[in-house]
Amino acid sequence: MRIGILGPLQIAGAAVGGARVRALLIRLALDPGRVVTNDRLIDDLWPGEPPEHPMAALQSLVSRARREAPGLISSHPSGYLLDVPADEVDAQAFERLARAGDAHAALALWRGPALGGTDLPFALAPAARLEELRLAALAGRIAADLAAGGDVVAELEELVAEHRLREPFHALLMRAMVADGRRGQALEVFERIRARLADELGVDPGAELREAHLAALREEEPEPRSNLPARLTSFVGRGDDLARLRALFVGRGGRALTGARLITLVGPGGAGKTRLAVEAAATLRVPDGVWLVELAPAAGVRAALEAVFKTSDLVRALLGTSPVIVLDNCEHLIDEAARVAQWLLGEVAGLRVIATSREPLNIPGESLHPVLPLAEEPAVELLRDRAAAARPDLSLGPAEAARICRELDGIPLAIELAAARLRTMSVSMLVEQLGDRLAFRGSRTSEPRHRTLRAVIDWSWNLLSGEERELLRGLSVFSGGATAEAIGRVCGGDLDLLSSLVDKSLIALSGDRYTMLETIRQYVTDDRPQTISGDLSESATADLSELRQAHARYYAELAEAADPHLRTGEQVKWLAVLDAEQGNLDAALRHSDDPLRVILPRLWPWIMRGRRHEVIATASAVLRRVGDVPPAGRELAHGLCMMAATGAEPSRAVRESDHPAALHSWALGSAMGPPRDVVALTEAAAQRLRDHPDTWTRSTALLVAGIVRFEYGAVDGAEALLEPALDGLRGTGDRWGQWTAYFWLSLAAENRGDFARALALAKEPESIATELGGLGAPLGPMMFLLRLSQLMMRTGDHAGAATTLERAWQAALRSEDGLAIARVTHARAELARRSGDAGEAARLLRGALAMDIDAPPQFRAFMNVELARVAESAEPSRRALELMATCEDRTARATVLEGVAEHRDPLMAAELLGAARELRGSTESADPFVVALAGRCRAALGAERYAEALVRGAAIPNPERYALSSP
């Protein structure tokens, strides 16, 4: 552990002195990786007596802590955080282990009283909670030792003396004494604690003590009869399943065998139904025994079940008893097993049955418990456990383990088979072989149907009808699941067949979508013939090409049907539909014989989501398939792909189209940037479409022309296009269009120095941004909040900017988009600089610049300009100028020139400010930074020389090259 707070404070590799510094580190360690606000830290570290200048005192304390324990504390606009993974703090690891039931490992982390490095009030409640967890873990460890036959009486006697009223320790001591043959002493322990509870607390003993008392009063009970197999390996990842099964059996009364009488565990092959059933049955105290009946391997099982049904001998033997029977692997004898189970349950009132099957028994009184593949965390735990058993020296990283488990669908059997292979190969070799998972082999003593994944699925496949096999194979063409309507259109399967495959655990129903595990998909598309009743059936890869084309046509039609709705008030609903079908739309594009048809209606949603790189990559892939000559009828799609992938000039089909993707393609740009004559193209389109009958088309043409004019043309004319565009888009209900118009109008207002108007426009579309952001659109909450925070900080509202930036940061983290995270980091650095923390600003900027992301040159230039302001180096300024030397974005160039001017002599600074004014199309700036710089230049040069320098700068043809040529 890097940080220890379960005892005196410990920091690996550091000696921390000073009570207040230790208290700060302990307070941050209570919430590792999470920001603790400045106000919270001040209240916690100086309770009731804040210093005269609390922020200064806190910053000073943080600086001392950073010197004594470097690399641990990170700054945030609203506070500080301990920048380490949670499990590197012993208290966090302790809680995780304790709650997972690993008491021995948890207690090994304990060194003394929790939070022993401080006695401040903030530590009292967490210390008490951790101590309570320690005592619970200690009781759990002792109970496990007692169950294993350990001698724990002496330890428990010490604990009950120390914790005089803690009932769990007294109950354990009683059970330990009974196990040691000291029943009388156990009863004395009960009488003492009963009297003490009554005298000191006025309460009676709780359930745990009462049960221990009853056990001590009873004669020694014989071990319950059972033929359950003994456990050979640890049981991982099914704690919630066990708890639910026990709750189903014990019912509301809290005592065994008062709830459900038949529970059927259903799930796909290899999910661990048998193991779970055995573990659940083993937890039940059943005097009349728990009996496992294995149906799969026994010869003549069908005849045996029929014989049971015809005789009453078994019923007579069971009458008056309350056993539990585990009927394992019912699926291949489902009718017979269902009949016998119903008959026995009807005749023997005390009988309980746990059945395992890949489909329900479907009889009255049945409670189903789905046994699903493991979630990622328990799946990784299982893989690591089994891998350690196969190869103790193996180092299996969390990312590698998570990837393997995801590839294997979280199926426990698949994970165990993969872990066994690590005995003879490296992790990287195993990852390469995951595509051949069906051949992974298990133990020599495994049932034949469990020796390989292929054998597991063979068992289910052989029980299917021909129609079911045909539909299951057809479902393999879908990606990410499908609706019943889509399946019917593509495969022709009806709802009864779909329901049958769900019942047999070969597909699953999630919401309104039918899904298939990747392992099942691989099986049904494998080229190995399947065996049915000893005969070779048709190949599992019977020609799927026709189904794939039907699938591609269906999803092309879906995207085309969605297209007009994306320009109306139904936009958000239809974006959600396209998001749900993302996998199928991608698969359709890969498989279609007509990829240009499939890509055309997808371009506009991609543009709305800001997925420029996805457009470029997909357009390039399509062109590699169709070539440079457009097929007849596909000229528009081909021209758009050519623009995106190669930077080609817009074709005639693109120039003359009113398709949304064509209208936006010029602003979107391509791998090579925007077309040479982008301003002329967009304004010609706006002019051509000014009388178009469709409001959305007219308005969008104006919107794109306004954006392009702002970035590449006469900046001061952009608002004249953007304002009518906004009015028209309001009428259509297009939320994305409205959001975009507000965004660019805000930028235009800021450019001409009207910060109040810019801030008002930026606040306007909050609800729209949230709606779009809920669907994962990068131009949703993150960009909205980022814009808002930057305007706040530039108008002096640092507190408001910090709060808004925190929301933007959380949105960026949720998006898992590197560029979004870098953009917010850049803004956080600007706020740190404006708040006086230049060191933190430099750290943030260097981290953002080091990120492996495909960022636009403008953004990298902005980060370098910001870094130049705090890094005391000329190199970031030079890098910013190099990035902008060939850029045509006029306002971005102006911003960079204004930043670089700060580091030049007054004469050149004034010239660069003149060049920036020319690019912006304005004569003055309202940015306090630029105003202050201009004032310094005027004071140094005099009014006349300053004015001349501005004029000269405005006439420089390439001011970036000019600035680079001068020191």
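For the structure itself, look to the data block above.
Scope of this entry: the structure provided in the associated data block.

Topic: the sheet that holds strand S5 (residues 79-82)
In step 1: Pairing is antiparallel in the open sheet, where 3 strands are placed in the order S3-S5-S4. Edge positions in the sheet fall to strand S3 (36-37) and strand S4 (73-76), since each of these pairs with one other strand and no more.
In step 2: Here 4 bridges tie S4 to S5, and the two strands are oriented antiparallel to one another. Paired with Ser74 across the bridge in S5 is Leu81.

Quick look at the nonpolar core
In step 1: Of all hydrophobic cores here, the largest spans 145 residues; its most connected members are Ile404, Leu472, Leu475, Phe478 and Tyr555.
In step 2: Tallying contributions element by element places helix H36 (residues 735-751) first for this core, with 10 residues.
In step 3: Leu472 has contacts with Trp461, Leu464, Leu501, Leu506, Ile507, Met516, Ile520 and Val524, leaving out every residue within four places of it along the chain.
In step 4: Counting residues in each nonpolar core, the second largest holds 74 residues, with Ile11, Val21, Ala91 and Leu172 among its members.

Describing the pairing of S4
In step 1: Neither face of S4 is left uncovered, since the one carrying Ile73 and Ser75 and the one carrying Ser74 and His76 both have all their residues buried.
In step 2: Joining the antiparallel neighbours S4 and S5 is a turn of 2 residues.

Observations regarding the packing of helix H35 (residues 718-732) against H36
In step 1: H36 packs onto H35 with a crossing angle of 155 degrees between their chain directions and a minimal axis gap of 9 Å. Judged by the inter-axis angle, H35 sits roughly antiparallel to H36. Crossing angle aside, the handedness with which H35 passes H36 is left-handed. On H36, the residues touching Glu719, Leu722, Glu723, Leu726, Leu729 and Arg730 of H35 are Gly737, Gln738, Ala741, Tyr742, Trp744, Leu745, Ala748 and Ala749.
In step 2: By residue class, the composition of the contact of H35 with H36 is 9 nonpolar, 2 polar and 3 charged.

Overview of the environment of Glu872
In step 1: Structurally, Glu872 can be placed in the loop between helix H43 (857-871) and helix H44 (875-884).
In step 2: The exposure class assigned to Glu872 is exposed, which follows from its relative accessible area of 79%.
In step 3: Separated by 176 residues in the primary sequence, Glu872 and Trp696 have C-alpha atoms spaced 50 Å apart.

Quick look at unusual backbone geometry
In step 1: At Asp409, a position not held by glycine, the phi torsion is positive, near 65 degrees.
In step 2: With respect to the secondary-structure elements, Asp409 resides in the loop between helix H17 (398-407) and helix H18 (412-421).
In step 3: The phi torsion at Ser505 lies on the positive side, around 65 degrees, for a residue other than glycine.
In step 4: Examined against the element boundaries, Ser505 turns out to sit in the loop between helix H23 (495-503) and strand S12 (508-510).

Thoughts on the sheet that holds S12
Note: strands within a sheet are paired through backbone hydrogen bonds, in either parallel or antiparallel orientation.
In step 1: Here we have 3 strands laid out as an open sheet, ordered S11-S13-S12, and antiparallel in their pairing. Because the sheet does not close on itself, it has two edges, and the strands there are strand S11 (482-483) and S12.
In step 2: Note that S12 and strand S13 (residues 513-515) share 3 bridges and pair antiparallel. Across the sheet, the residue bridging to Leu509 is Tyr514, located in S13.

What to know about the pattern of salt bridges
In step 1: Counted by the stated rule, this structure contains 48 salt bridges.
In step 2: In this structure, Lys504 and Glu468 form a salt bridge, with 3.0 Å as the shortest nitrogen-oxygen distance. Pair noted here: Lys504 is in the loop between H23 and S12 and Glu468 is in helix H21 (residues 466-474), with a separation of 36 residues, a long-range link. Each member of the pair Lys504 and Glu468 is classed as buried.
In step 3: In this structure, the salt-bridge partner of Glu830 is Arg834, at a minimum N-O distance of 2.9 Å. Residue Glu830 and its partner Arg834 are located together in helix H41 (residues 818-834), separated by 4 residues, close to a single helical turn.
In step 4: Using a relative accessible area of 3% as the deciding quantity, one classes Glu830 as buried.
In step 5: Owing to a relative accessible area of 22%, Arg834 belongs among the partly exposed residues under this scheme.

What counts and how
Residues numbered from 1 in each chain as written. Predicted model: local features only at pLDDT ≥ 70, side-chain atom pairs only at ≥ 80, totals over all residues. Heavy atoms only, no water. Pairing = 2+ DSSP bridges. Helix = DSSP H or I, 4+ residues; strand = E, 2+ residues; numbered from the N terminus. Core = buried A, V, L, I, M, F, W, Y, C linked by side-chain atoms within 4.5 Å. Buried < 20%, exposed > 50% of the residue type's maximum accessible area, 1.4 Å probe, protein only. Contact = heavy atoms within 4.5 Å. Axes fitted to C-alpha atoms, helices over the stretch in contact; angles between N-to-C directions. Parallel < 35°, antiparallel > 145°, perpendicular 65-115°, else oblique. Left-handed = near helix turned anticlockwise from the far one by under 90°. Nonpolar A, V, L, I, M, F, W, Y, C, P; charged D, E, K, R; others polar. Salt bridge = Lys/Arg side-chain N within 4 Å of Asp/Glu carboxyl O.

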